[in-house]
Amino acid sequence: TKPILYITRKVPDQIVKKITSNFDVRMWEYEDQPVPRNVLLQEVRNADGILCLISEQIDKEILDQAKRLKIISNMAVGYDNIDVLAAREKGIVVTNTPDVLTETTADLTFALLMATARRLVEASDYIRNDQWTNWSPYLLAGSDIHRKTIGIVGMGRIGHAVAKRAKGFDMSILYHNRNRNRNAEVELQAEYTDFESLLRNADFVVSLVPHTLETDQLFNKEAFAKMKSSAIFINASRGKVVDEDALLHALHTKEIKAAGLDVFSTEPIRRDHSLVKLDNVVCLPHIGSASVETRTRMLQLCIENLEGYFFGKGPKTPV
Ligand code: GLV
Ligand code: GLV
């Protein structure tokens, strides 16, 4: 009998078709709505494998229901939505989707940096709101990007790919990471610094750290206080690495200049969120890896992980 696979969101038919010969596929039938918690609790009881998204919290309560679950294939590089330790204790393998989304996420991170520095969203709204009645020297004037200093916190694959883009803009590159990244130092003249000097010296502070116990609210009141008043903060990793009240305060009081945020402590946010109301903030709905090509590659890798586990040489990208 085929392993039972539960997919927590509707995925394209051609993808499902390709796997039905190997798996007994069950799937949440809506593309634009997450599976309700009670449905997931029910479905996980019978599943041998699940393919899930970051919108699902795979915590102890879910894992306790899972009597035959062997693998959780997460469609994301980050996996803070999964209690990996609890899964490991039960012998359940967790996989993620690194590499395939690196360049796409770096593109978005740099686009967000540029949009924030050059006030692109405000400028576009300016025309949409029919405010463009003349031209003046400092109309929507923003900050330069080229030859400034970028400080990358979290120099993994995506951090490295962002540094490559920064290099093309003749930026000086500072980075902070648990481990040194010698390749980035040699290829891109990236300079390793402690967290505090990065905060003090960067014109752009870019967060690409995963959310863990150590990075929870890493960007707090003290961190924002150390940044330049001209600093622009960009977050393309996880909202929970930021103390959002402290960020709000820093933006209100002009302790920092602006922020570009693709991620938030709790998602989704609505337009009444206090960060959305500020002119000097660009907010995006967690679209770092959202290109059609990359989302397809991520789904494909999720499936390769499941097939590798059940029928091959093991999962391709276990965490
Ligand atoms: C998305 O946020 C991911 O971790 O891939
Ligand atoms: C983390 O996995 C990264 O790619 O930066």
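About the criteria used
Residues numbered from 1 in each chain as written. Chains lettered and ligands numbered in written order. Predicted model: local features only at pLDDT ≥ 70, side-chain atom pairs only at ≥ 80, totals over all residues. Domains from an automatic or database assignment. Contact = placed C-beta atoms within 7 Å. Nonpolar A, V, L, I, M, F, W, Y, C, P; charged D, E, K, R; others polar. Helix = DSSP H or I, 4+ residues; strand = E, 2+ residues; numbered from the N terminus. Buried ≥ 20, exposed ≤ 12 C-beta atoms within 10 Å, placed from the backbone. Near = placed C-beta within 6 Å. pLDDT = per-residue confidence, 0-100. Pairing = 2+ DSSP bridges.

1. Focus on the domain arrangement of the protein
If you check the domain split of the protein, you get domain 1 (4-99 + 292-311) and domain 2 (102-283). Its C-alpha centre places domain 1 at a distance of 31 Å from the equivalent point of domain 2. With 5 residues of domain 1 at the contact, the number on the domain 2 side is 6 residues. Along the lines of polarity and charge, the residues of the side of domain 1 that touches domain 2 split into 1 nonpolar, 2 polar and 2 charged.

2. Overview of unusual backbone geometry
In this structure, the amide linkage connecting Glu267 to the following residue, Pro268, adopts the cis form with an omega of -5 degrees. Looking at the secondary structure, you find Pro268 in the loop between strand S11 (258-261) and strand S12 (281-283). In this structure, Asp99 takes a positive phi of about 70 degrees despite not being glycine. Mapped onto the fold, Asp99 is located in the loop between strand S5 (93-95) and helix H5 (102-117). Taking the C-beta count within 10 Å as the criterion, Asp99 has 13 such neighbours and is therefore assigned partly exposed. The phi torsion at Asp130 lies on the positive side, around 60 degrees, for a residue other than glycine. The residue Asp130 is located in the loop between helix H6 (120-128) and strand S6 (149-153) in this model.

3. Thoughts on the site of ligand 1
Close to ligand 1 lie Ile54, Ala76, Val77, Gly78, Leu101, Gly288 and Ser289. Of the residues belonging to the shell around ligand 1, the class tally is 4 nonpolar, 3 polar and no charged.

4. Details of the confidence of the model for the protein
In the predicted model, the protein carries a mean pLDDT of 97, and 100% of its residues have values of at least 70. Our summary of model confidence lists the complex with pTM equal to 0.96 and ipTM equal to 0.70.

5. What to know about the sheet that holds S11
Spatial strand order, S8-S7-S6-S9-S10-S11-S12: 7 strands in an open sheet with parallel pairing. Every interior strand has two partners, whereas the edge strands, strand S8 (191-192) and S12, have only one. In this structure, S11 lies alongside S12, joined through 3 bridges in parallel fashion. In the strand pairing of S12, Gly260 is matched with Val282.

6. Considerations on the site of ligand 2
Surrounding ligand 2, one finds Val77, Pro98, Thr102, Gly154, Gly156, Arg157, Ile158, Gly159 and Leu208. Here the shell around ligand 2 gets 3 residues from one element, more than from any other, and that element is helix H7 (residues 157-168). Classifying every residue of the shell around ligand 2 by side-chain character gives 4 nonpolar, 4 polar and 1 charged.

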